[in-house]
Amino acid sequence: MIATSIRFVLSNLPAILLPLALIIAAIRRDRRSAAHRFLAWILLLPIGITGIWAAVFHIFLPHVAAADIGWQVSPFQYEVGVADLAFGVTACAAFWASLPFKAAAVLVSSIALLGDAVGHIRQMLVAGNFAPGNAGVPFWTDVIVPALAIVLLLAAWRARDRFDG
């Protein structure tokens, strides 16, 4: 039972962290606009922590990551893991940083995640790869999370302009 629960959480971590970020941002109010607060939590949890989590699997557990995605183990997984680590750590740091820093983190992570989503689609269409790690939670969060981050960034920027203006 415990092993099954741990496997469920690890397999669905991005999908768990997204609503958790939204709930925490809704509960914790501060002087920032709602959009800025929601953006910060999206950067920390579903982008930052998920990026680091993916890096750990690709770098240290490549057999597990490859099997979940429906791939063969490849030396490129190390490079994918380092890229995940880079944007994950940057997104975590952005939680405490200025809005322009958050914008840079959203830009880099959105390019990476939406690019991953395109790769997942190609694998589904070309290779018929509908493995859970290719066509499941990672695919959907690779689309939803950056789209939400971009919308929140634009809203936070507008709120900042209204406040400063």
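Caption draft 1: Here's a closer look at a nonpolar patch on the surface. Nonpolar side chains collect at one region of the surface, where Leu114, Trp140, Val143, Ile144, Ile150 and Leu154 lie side by side and expose about 500 Å² of accessible area between them. Mapped onto the fold, Val143 is located in helix 8 (residues 137-164). Overall, Val143 belongs to the partly exposed group, its relative accessible area being 30%.

Caption draft 2: Representation of the nonpolar core in the model. Counting 33 residues, the largest nonpolar core has Leu39, Trp41, Ile42, Leu43, Leu45 and Ile47 as the members making the most contacts within it. Elements with a minimum of two residues in this core: helix 2 (13-27), helix 3 (34-60), helix 5 (76-94), helix 6 (99-127) and helix 8. It is helix 3 that provides the largest number of residues to this core, a total of 12 residues. The contacts of Leu45, once residues within four sequence positions are left out, are Leu17, Leu20, Ala21, Ile24 and Thr50.

Cut-offs and rules
- Residues numbered from 1 in each chain as written.
- Predicted model: local features only at pLDDT ≥ 70, side-chain atom pairs only at ≥ 80, totals over all residues.
- Heavy atoms only, no water.
- Patch = residues over 30% accessible without salt bridge, like charges linked within 9 Å, V, L, I, M, F, W, Y side chains within 5 Å.
- Areas by Shrake-Rupley, 256 points an atom, 1.4 Å probe, with all protein chains shown as cover.
- Salt bridge = Lys/Arg side-chain N within 4 Å of Asp/Glu carboxyl O.
- Helix = DSSP H or I, 4+ residues; strand = E, 2+ residues; numbered from the N terminus.
- Buried < 20%, exposed > 50% of the residue type's maximum accessible area, 1.4 Å probe, protein only.
- Core = buried A, V, L, I, M, F, W, Y, C linked by side-chain atoms within 4.5 Å.
- Contact = heavy atoms within 4.5 Å.

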